Amino acid sequence: MLNLPDTGQTESYTTTFGEDSDYTINPPSYMDNGDGTVTDNVSGLMWQQEDDDKERKWDEACAYCEDFTLAGYSDWRLPSKKNLISIVDYGTYNPSIDTAFFLGTDAWYYWSSIPDANYPLAAWVVNFNAGHVDGYNKNYTFYVRCVRAGQ
């Protein structure tokens, strides 16, 4: 079971109790492993700390992570939609991620490994400008950040 971190939202937008900002459950916690990787202490996932700033089509993104080697590990994969959402920081934007740990993150789309069930030519992406999720044609080019373990 993958534990998901809190969203990071701290600002309240209404006077109604029960918004995300009223709770802190599993606050985000990361560890810089000093080898180009970051461990998410909540989910247990290990992430590529900095992407290579190259946009790829979906099939190229899948192959990139499958062939990726970093810090002595070769079992990297393209993250699921849920994996990517777990590192979004909804308390900030442009980019919506903790930039102290995830270096060089572009405020743009990152591929997930999940195809769109309603449109086989598309797959899900997470936008790190504000953290929203969209489906796009697999021939578009977007960024890639690989992950390992915890699937």
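Residues numbered from 1 in each chain as written. Predicted model: local features only at pLDDT ≥ 70, side-chain atom pairs only at ≥ 80, totals over all residues. Heavy atoms only, no water.

A. Structural view of the overall build of the chain. Counting its secondary structure elements, the chain contains two helices and seven strands. The helix and strand sequence of the chain, counted from the amino end, reads β-β-β-α-α-β-β-β-β. The buried share of the chain, reckoned over its 151 residues, is 42%. Summarising the internal contacts of the chain: among those between residues at least 6 apart in sequence, 59% fall at separations of at least 24. Surface exposure of the chain reaches about 7,900 Å², of which carbon and sulfur atoms provide 50%. (Helix = DSSP H or I, 4+ residues; strand = E, 2+ residues; numbered from the N terminus. Buried < 20%, exposed > 50% of the residue type's maximum accessible area, 1.4 Å probe, protein only. Contact = heavy atoms within 4.5 Å. Areas by Shrake-Rupley, 256 points an atom, 1.4 Å probe, with all protein chains shown as cover.)

B. Representation of the sheet that holds strand β1 (residues 30-32) within the structure. Strands sit in the order β1-β2-β3-β7 across an open sheet of four strands; the sheet is antiparallel. With one partner strand each, in any of the chains shown, β1 and β7 (147-148) form the two edges of the open sheet. Sheet topology note: the strand β2 (residues 37-40)/strand β3 (residues 46-48) ladder contains three bridges and is antiparallel. Residue Thr37 lies in a different strand from β3, and its bridge partner there is Gln48. (Pairing = 2+ DSSP bridges.)

C. Examining the nonpolar core more closely. Residues Leu78, Trp111, Val144 and Cys146 are the most contacted members of the largest nonpolar core, which totals 17 residues. Mapped by element, the contributors of at least two residues to this core are α1 (58-67), β4 (109-115) and β5 (122-127). When residues of this core are assigned to their parent elements, the largest contribution, five residues, is made by α1. One finds Tyr30, Val38, Trp47 and Ile97 within the second-largest nonpolar core, a separate group that totals 14 residues. (Core = buried A, V, L, I, M, F, W, Y, C linked by side-chain atoms within 4.5 Å.)

D. Just the packing of aromatic side chains, in detail. Summed over all chains, the structure comprises 15 aromatic pairs. Between Tyr30 and Phe101, the ring centres sit 5.6 Å apart and the planes meet at 50°, which makes this aromatic pair tilted. Highlighted residues: Tyr30 in strand β1 and Phe101 in the loop between α2 (81-85) and β4, separated in sequence by 71 residues. The buried category is assigned to Tyr30, whose relative accessible area is 13%. The interplanar angle of 55° and the centroid separation of 5.0 Å between the aromatic rings of Tyr109 and Phe142 together place this pair among those described as tilted. With Tyr109 in strand β4 and Phe142 in the loop between β6 (133-137) and β7, this residue pair connects regions lying 33 residues apart in the sequence. What makes Phe142 buried here is its relative accessible area of 2%. Three or more aromatic residues joined by ring pairs make a cluster, and in this case those are Trp108, Tyr109, Trp111, Tyr136, Tyr140 and Phe142. In this arrangement the basic side chain of Arg56 is found over the ring face of Tyr64, its NZ or CZ atom lying 3.8 Å from the centre. (Phe/Tyr/Trp six-rings, centres within 6.5 Å; stacked < 30°, edge-to-face > 60°. Lys NZ or Arg CZ within 6 Å of the ring centre and 35° of its normal.)

E. Highlighting the state of the cysteines. Overall, the coordinates contain one disulfide when judged by the stated rule. Each sulfur of the disulfide joining Cys65 and Cys146 lies 2.2 Å from the other. Residues Cys65 and Cys146 are joined through a disulfide that is left-handed, its torsion about the S-S bond being -90°. Separated by 81 residues along the polypeptide, Cys65 in helix α1 and Cys146 in the loop between β6 and β7 bring together distant segments of the chain. By the burial criterion, Cys65 is buried, and Cys146 matches it. In this structure Cys62 is not part of a disulfide, and its nearest cysteine sulfur, from Cys65, lies 7.8 Å away. By relative accessible area, which is 16% here, Cys62 ends up buried. (Disulfide = S-S within 2.5 Å.)

F. Just the environment of His132, in detail. If you trace the backbone, His132 turns up in the loop between β5 and β6. Once the C-alpha coordinates of His132 and Val88 are considered, the two residues, 44 residues apart in sequence, prove to be 9.0 Å apart. Of the polar contacts made by the side chain of His132, one reaches the side chain of Asp134; its length is 3.1 Å. (Polar contact = N/O pair within 3.5 Å; in protein donor to acceptor, adjacent residues only side chain to side chain.)

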